2 protein chains.
Amino acid sequence: MKLLFLALPSVYRLAAFVGVGIVLGAVLAPGTGLAQKTMQQEAAAIFRPIPENPPKLPGNIVTPVKVELGRLLYFDPRLSASQLISCQTCHNVGLGGADLQETSIGHGWQKGPRNAPTTFNSVFNVAQFWDGRAKDLAEQSKGPVQAAVEMNNTPDRVVATLASIPQYVDLFAKAFPGQRNPVSFENMAQAIEAFEATLLTPGAPLDAFITGDESALTPTQQEGLRLFIDSGCSDCHYGINLGGMGYYPFGVAEAPSEDVRPTDDTGRFVVTNTASDKYVFKSPILRNVAITQPYFHSGKVWRLRDAVQIMGSSQLGFELEGKDADIITEFLKALTGKQPEVAHPILPPSTESTPKPMTQLLPEKESGKKG
Amino acid sequence: MKLLFLALPSVYRLAAFVGVGIVLGAVLAPGTGLAQKTMQQEAAAIFRPIPENPPKLPGNIVTPVKVELGRLLYFDPRLSASQLISCQTCHNVGLGGADLQETSIGHGWQKGPRNAPTTFNSVFNVAQFWDGRAKDLAEQSKGPVQAAVEMNNTPDRVVATLASIPQYVDLFAKAFPGQRNPVSFENMAQAIEAFEATLLTPGAPLDAFITGDESALTPTQQEGLRLFIDSGCSDCHYGINLGGMGYYPFGVAEAPSEDVRPTDDTGRFVVTNTASDKYVFKSPILRNVAITQPYFHSGKVWRLRDAVQIMGSSQLGFELEGKDADIITEFLKALTGKQPEVAHPILPPSTESTPKPMTQLLPEKESGKKG
């Protein structure tokens, strides 16, 4: 039923919501407390709170030593050819799991084609990258390591680097017991996934609200939540991450401006080669959105309120102006959770057999995939 | 007396050491334990252990909130024009307070002219930078922020950035109480200095040895220590950091090869404009030297043993070959201390009035000063 409903275009769903709202309003009008409870229940059915602890990972048994190895790898610039760029460079744990760039800067100061998505809570996404081309975080982590515009490295070189460092050899053996060749590109990816799954931001005001604390949202934020649901935002931005659960055309009602949705980035079309997937993207996570500007895959919009308005015109088919844009923006601020405290790892030193940094721009490999 | 002695060229001092050694050897020959004790005492007179706690800073009252502010600033890429580069980029707390580059990579992937010196224990240096042109860490920290090849920013822009972020405004007010304009470039520098002074690596085997634990150095390392002192290494590499205490010509006995000592970098000559300061540099810290390759201001030497040999020919005037180079290298490994555990800060988010990142290469300012 939910799926069927979600398959309807937003405008029809909006109409349905309004219809339901009118009926509910008629039924519940006498008791404001009851109506309030209903919004909590309604929100609790659409969204879910971020848990304190990471979920189980399909096909990846998580142990403390694997998480620890992943933490080291996440921060280790030796995963890149230049030995200057790490996962942390673009997915900064001090900056909401993202960077401050429109699109990330990688090897040779090249700019990537898309804004870096946050790693925080990303374990809950249905798939990874803006176009969902990686099925999980392990698969995702292999992309930037090899992309020419990002870390510009090769799996062989990464393995040679890690295998040259005795402390890594030891940690891989402990994290992947019983394997004949534990130091592998695949295991690097599994360890990074295990660490990234710990990057959760529980305790956002919305989570407190849907788990019973009515006062966790300000009256304005509650108004914003009402509008967020009723106007159709939550049709794409639902679930635990308020996004990241499905693929939607960017510009269903009206194409956004060329700078916000560059013509040459056709999104999921490149993955599926299906005409209807042109300009289709995974809906981004709205968790911590108020602290992870700039916005959209182009990174061209810096003000959250502007992003809300663009969503109104491009996705909902009407202008969100004045107070409407304000209260949705206020509601979005209620999605900022407790940021994870991560100790910067002490990285094991290189040895004489560790490959040296390669910082030159040429010879370049084929241009990297989009982020 | 010490100063007078240090003013003698190494070869004479070596001769004096050998002379003293012969006399001491004759006197102490019967008791090996006594001779051992003498080396401990001798080493304790030349070197000093790294303390557990930071020293007082002249003109900079250190408080916990100032250290905390400094920690945030050290990791904050918004000190750079691109908002991608922080102090941490080139002085990585997970990599011995340095980076893995020959010379650091900065704004626009430009390479700086000199290898990044470690920030660890650098508070004990007589001055900062390879040429000692900054009197302390506060003054030092202002350099890379402004250098076109490093962070490429301006003091005004840094202050505008910090002042646009309420949490920084609050922290500056607490760290610099009673000041009318606490958010200033000078106070940024003072806070960074306060944090950097906490980046200490106590507990190296040498420190245990000179404070009474004879077994802290292996027999080979003790041989290396003997040779390190007797052959004149400690003439420049003495004190708490085994370096960083004075200025010495690189190539006193014989000019190193052009790649190791590039002709166009005349070192302290540029600071003092004095002919005798050509190719004069501050002796680098040897603390943690085994984990902070590559070596020399050019960063052209990757193997520690090679660096030891170059020092022999260029500074001491004789080849350190075979076992001699080996045992000094082994001794240098006894200078690796306990690395500081630093929690990665959660950085306060930008606001709508925060200046946007400037990542373009042009217009460039004048070329940055050397590192």
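Since this is a predicted model, take the numbers as computed values, not measurements. Each chain carries its own residue numbering, running from 1 in the written order of its sequence. Written order determines the labels here, with chains lettered from A and ligands numbered from 1. Per-residue local features are limited, in this predicted model, to residues with pLDDT of at least 70; the limit for side-chain atom pairs, both in listing and counting, is 80 or more; totals at the level of whole chains, interfaces and linings are taken over all residues. Only hydrogens and water are removed before side-chain values are computed, so all heavy atoms of the structure are retained for them.

**Comments concerning the overall build of chain A**
Reasoning step 1: The way it works is that DSSP assigns letters per residue, a run of H or I at least four long becomes a helix, a run of E at least two long becomes a strand, and they are numbered from the N terminus. When you go through chain A residue by residue, the secondary structure sums to 15 helices and 3 strands.
Reasoning step 2: Residues classed as buried in chain A amount to 57% of the 371 residues present.
Reasoning step 3: Residue exposure ignores everything except the shown protein chains as possible cover, and the areas themselves are Shrake-Rupley values with a 1.4 Å probe. Surface accessibility of chain A: about 15200 Å² in total, with carbon and sulfur atoms responsible for 60%. Per-residue accessibility, obtained with a 1.4 Å probe over protein chains only, is compared with the maximum for each type, and a residue is labelled buried under 20%, exposed over 50%, and partly exposed between these values.

**Thoughts on the relation of the copies chain B and chain A**
The operation relating the pair of chain copies consists of a rotation about an axis and a translation along that axis.
Reasoning step 1: Here the copies are matched by least squares. The fit uses the C-alpha atoms of residues with pLDDT of at least 70 in both. After a rotation of 180 degrees and a shift along the axis of 0.0 Å, chain B superposes on chain A with an RMSD of 0.0 Å. Taken together, the turn and the small shift mark the pair as related by a two-fold rotation axis. The rotation axis passes nearest to the C-alpha of B:Ala343 in chain B, at a distance of 2.0 Å.
Reasoning step 2: Working rule for contacts: check all heavy atoms of both residues, and any pair within 4.5 Å makes them a contact. Looking at chain B, 100% of its interface residues are interface residues in chain A too, so the copies touch through the same face.

**Structural notes on the UniProt feature "domain: Cytochrome c" (unreviewed entry) in chain A**
Reasoning step 1: UniProt positions are given in the numbering used here, feature names are shortened, and annotations may be inferred rather than shown by experiment. Taking the numbering used here, the UniProt-annotated feature "domain: Cytochrome c" (unreviewed entry) corresponds to residues 65-196 of chain A.
Reasoning step 2: The annotated region residues 65-196 of chain A carries 42% helix and 0% strand content, and the separation between its end C-alpha atoms amounts to 14 Å.

**Overview of the UniProt feature "binding site: heme c 1" (unreviewed entry) in chain A**
Reasoning step 1: Per the UniProt record, the feature "binding site: heme c 1" (unreviewed entry) sits at A:Cys87, A:Cys90, A:His91 and A:His107.
Reasoning step 2: By relative accessible area, A:His91 is classed as buried at 14%.
Reasoning step 3: What A:His91 contacts, discounting residues up to four positions off in sequence, is A:Tyr74, A:Gly97, A:Ala98, A:Ala116, A:Pro117, A:Thr118 and A:Thr119.
Reasoning step 4: On the secondary structure map, A:His107 appears in the loop between helix H5 (87-90) and helix H6 (137-146).
Reasoning step 5: On the basis of relative accessibility, which here comes to 0%, the residue A:His107 falls in the buried class.
Reasoning step 6: Once residues lying within four places of it in the same chain are set aside, the contact partners of A:His107 are A:Ala81, A:Ser82, A:Ile85, A:Ala148, A:Val149, A:Glu150, A:Asn152, A:Met358, A:Thr359, A:Gln360, A:Leu361 and B:Trp109.

**Comments concerning the packing of aromatic side chains**
Reasoning step 1: Pairing of aromatic rings covers Phe, Tyr and Trp, the last through its six-membered ring, and needs centres within 6.5 Å; plane angles under 30 degrees mean stacked, over 60 mean edge-to-face, and all others mean tilted. Inspection of every chain in the model, using the stated rule, returns 15 aromatic pairs over all chains.
Reasoning step 2: Ring centres of B:Tyr74 and B:Phe75 lie 5.7 Å apart, and the angle between their planes is 65 degrees; on these two criteria the pair is classed as edge-to-face.
Reasoning step 3: Its relative accessible area of 0% is what places B:Tyr74 among the buried residues.
Reasoning step 4: Cluster of aromatic residues (ring-pair linked, three or more members): A:Phe47, A:Phe228 and A:Phe331.
Reasoning step 5: Only Lys NZ and Arg CZ are tested; either one counts as a charge over a ring when it is within 6 Å of the ring centre and within 35 degrees of the ring normal. Cation over ring: B:Arg268 sits above B:Tyr247, and NZ or CZ is 3.7 Å from the ring centre.
Reasoning step 6: Here the guanidinium or amino end of B:Lys278 rests over the ring plane of B:Phe269, the centre of that ring lying 5.2 Å away.

**Side note on the nonpolar core**
Reasoning step 1: The nonpolar core is taken to be a set of buried Ala, Val, Leu, Ile, Met, Phe, Trp, Tyr and Cys residues, with the residues joined through side-chain atoms within 4.5 Å. A:Leu73, A:Met188, B:Leu73 and B:Met188 are the most contacted members of the largest nonpolar core, which has 76 residues in total.
Reasoning step 2: Ignoring any residue separated from it by four or fewer positions in sequence, one finds B:Leu73 in contact with B:Leu79, B:Cys87, B:Leu162, B:Tyr168, B:Phe172, B:Met188, B:Ala191 and B:Ile192.

**Points about the pattern of salt bridges**
Reasoning step 1: Any carboxyl oxygen of Asp or Glu that lies within 4 Å of a side-chain nitrogen of Lys or Arg is treated as forming a salt bridge with it. Summed over the entire model, instances satisfying the criterion amount to 36 salt bridges over all chains.
Reasoning step 2: The residue B:Arg133 makes a salt bridge to B:Asp131 at a minimum N-O spacing of 3.1 Å.
Reasoning step 3: A salt bridge links B:Lys333 to B:Glu330; the nearest nitrogen and oxygen atoms lie 2.9 Å apart. Taken together, the residues B:Lys333 and B:Glu330, both in helix H15 (residues 322-333) and 3 residues apart, mark about one turn of the helix.
Reasoning step 4: The partly exposed category is assigned to B:Glu330, whose relative accessible area is 28%.
Reasoning step 5: Sharing partners across several salt bridges, the network here consists of A:Arg114, A:Asp131, A:Arg133 and A:Asp265.

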